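This is what each chain is made of:
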Amino acid sequence: MRRLLAALAAGTALLVTAACGSSGSSSSTSSPSGGTTAVKVGIIPIVDVAPLYLGQKEGFYGKRGLKLSMTLAQGGAAIVPGVTSGQFQFGFSNMTSLMIARSNNVPVRAIANGVASTGVAGKDFGGLVVKKGSDITSARQLEGRKVAVNTLKNINETAVRESVRRAGGDPDRVSFVELAFDQMPAALDRGQIDAAMAVEPALAAMKLQGAAEIASPLVDVAKNLTVAMYFTSTSYARQNPGVVKRFQEATAESLAYADAHPDEVRQIVTTYTKTPADVLAAVTLPKWPADPDRASIDTLEKLSQQDGLFTTAPDLDELLP
């Protein structure tokens, strides 16, 4: 198990180092013939973004004259400033980070669907888990306990808070700590945290340690929750409408392909994470629908405002495609 955990952590660290070391110029570039446009995409090293890698491999982006260069980050909150500063042309971010950005007048716009919950409690790609043998059996019992999320005051914290509410507990009494997904399995195993809200493949790694899932927070927010989308800055969209359209079309094709080829999804994940085969086999894949679920985003917006993530709700018509 120690080797499994070390592989997860070390693999991500190596990938982040490699990605950062090859960042280069911050602007998109075209080949001398104008046939290919190279664009940088800020992503998180999780199963959610497998369609992008599959799309690149299958030539969906290439046949539209796009060459993607992926750079890894810990969460969507870190990717937003990268896109608005021009470091990336596109980014992958959860809906909460995008809504927070828009509420603060940060000029971002979602352009393509990213990933959605399976909508099935206990069989989702995100889950709230406790260590094997823990006395915690319900989200209500997290009051006074330490719970890890990848980014504080963001989608996973809001989701856990909703699970606690639904179980009859007080989410304000939960102690949230920030921890990268790949660090959660070791922290839970050592007892440094009482619970962790993780997505795949970290979720499967912890379950293989014997961790017990006590809630499916993303499902608790909304059955068909749109968890994340791909986005760009409003200025880039205005100045490069053709590139944005090609990215949208290629991504739509990539999402459909990923949804129809789960075995290829598991295989492509090994190219950007160092996930052991037994963990990959146990991974619960998310859904990759063509379009976002507006009703679920409306619900997430209300919960985010209730949790104080913004005082003025963003205009979703300005954010969503």
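What counts and what doesn't
- Here the residue index of a chain counts from 1 through its sequence in written order.
- Note on the predicted model: pLDDT of at least 70 is required for a residue's local features to be given, and 80 or more for side-chain atom pairs to be given and counted; whole-chain, interface and lining totals, by contrast, use all residues.
- Excluding hydrogens and water, the side-chain values take into account all heavy atoms of the structure.
- By definition, pLDDT measures how confident the predictor is in each residue, and it falls between 0 and 100.
- A contact between two residues is defined here by any heavy atoms of the two lying within 4.5 Å.
- Put simply, DSSP marks the helices as runs of H or I at least four residues long and the strands as runs of E at least two long, and each gets a number from the N terminus on.
- Only protein chains enter the accessibility calculation, which uses a 1.4 Å probe; a residue is then buried when its area is under 20% of its type maximum, exposed when over 50%, and partly exposed in between.
- Whenever a helix is involved, its axis is fitted only over the stretch in contact; in every case the axis is a line through C-alpha atoms, and angles between N-to-C directions fall within 0 to 180 degrees.
- When the near helix sits turned anticlockwise from the far one by under a right angle, the crossing is termed left-handed; a clockwise turn instead gives a right-handed crossing.
- When residue character is reported, Ala, Val, Leu, Ile, Met, Phe, Trp, Tyr, Cys and Pro are called nonpolar, Asp, Glu, Lys and Arg charged, and the others, Gly included, polar.
- Strands are treated as partners if at least two bridges between them are detected by DSSP.
- Handedness of a crossover is defined as follows: orient the strands so they point away from the viewer, and if the path from the first strand over the helix to the second runs clockwise, the crossover is right-handed.

## A closer look at the confidence of the model for the chain
Confidence in the prediction of the chain, expressed as mean pLDDT, is 89, and 89% of residues score 70 or more. Low pLDDT (under 50) marks residues 1-33, which in the prediction has 50 contacts with non-local residues, meaning those over four places away or in another chain.

## Notes on the environment of Pro292
Along the polypeptide, Pro292 turns up in the loop between helix H12 (277-282) and helix H13 (294-306). Accessibility expressed as a relative area gives 28% for Pro292, which makes it partly exposed. Sequence-wise, Pro292 and Val115 are 177 residues apart; in three dimensions their C-alpha atoms are separated by 8.4 Å. Apart from the residues within four sequence positions on either side, Pro292 is in contact with Asn113, Thr226, Met229 and Ile297.

## What about unusual backbone geometry?
Of note, the bond from Glu200 into Pro201 is cis; its omega dihedral lies within 30 degrees of zero at 10 degrees. In this structure, Pro201 sits in the loop between strand S9 (195-199) and helix H7 (202-208). Phi at Asn105 takes a positive value of approximately 60 degrees, unusual for a residue other than glycine. You can call Asn105 exposed: its relative accessible area is 69%.

## A few points about the packing of helix H4 (residues 95-103) against H13
Two elements in contact, H4 and H13, have axes whose closest approach is 10 Å; the angle formed by their N-to-C orientations is 65 degrees. Here H4 and H13 pass one another in a crossing that is right-handed. The residues of H13 that touch H4, namely those facing Met95, Thr96 and Met99, are Ile297, Leu300, Glu301 and Ser304. Residues belonging to the contact of H4 with H13 are distributed by class as follows: four nonpolar, two polar and one charged.

## What about the pairing of strand S2 (residues 37-43)?
With six of its seven residues buried, S2 lies for the most part within the structure. In the sheet, S2 pairs with strand S3 (residues 66-72) via seven bridges, with the strands oriented parallel. Looking at the pairing, Ile43 lines up with Leu72 of S3. Crossover S2 to S3 through helix H2 (residues 50-58) is right-handed. Note that S2 and strand S4 (residues 90-94) share two bridges and pair parallel. Looking across to S4, one finds that Val41 is bridged to Phe90.

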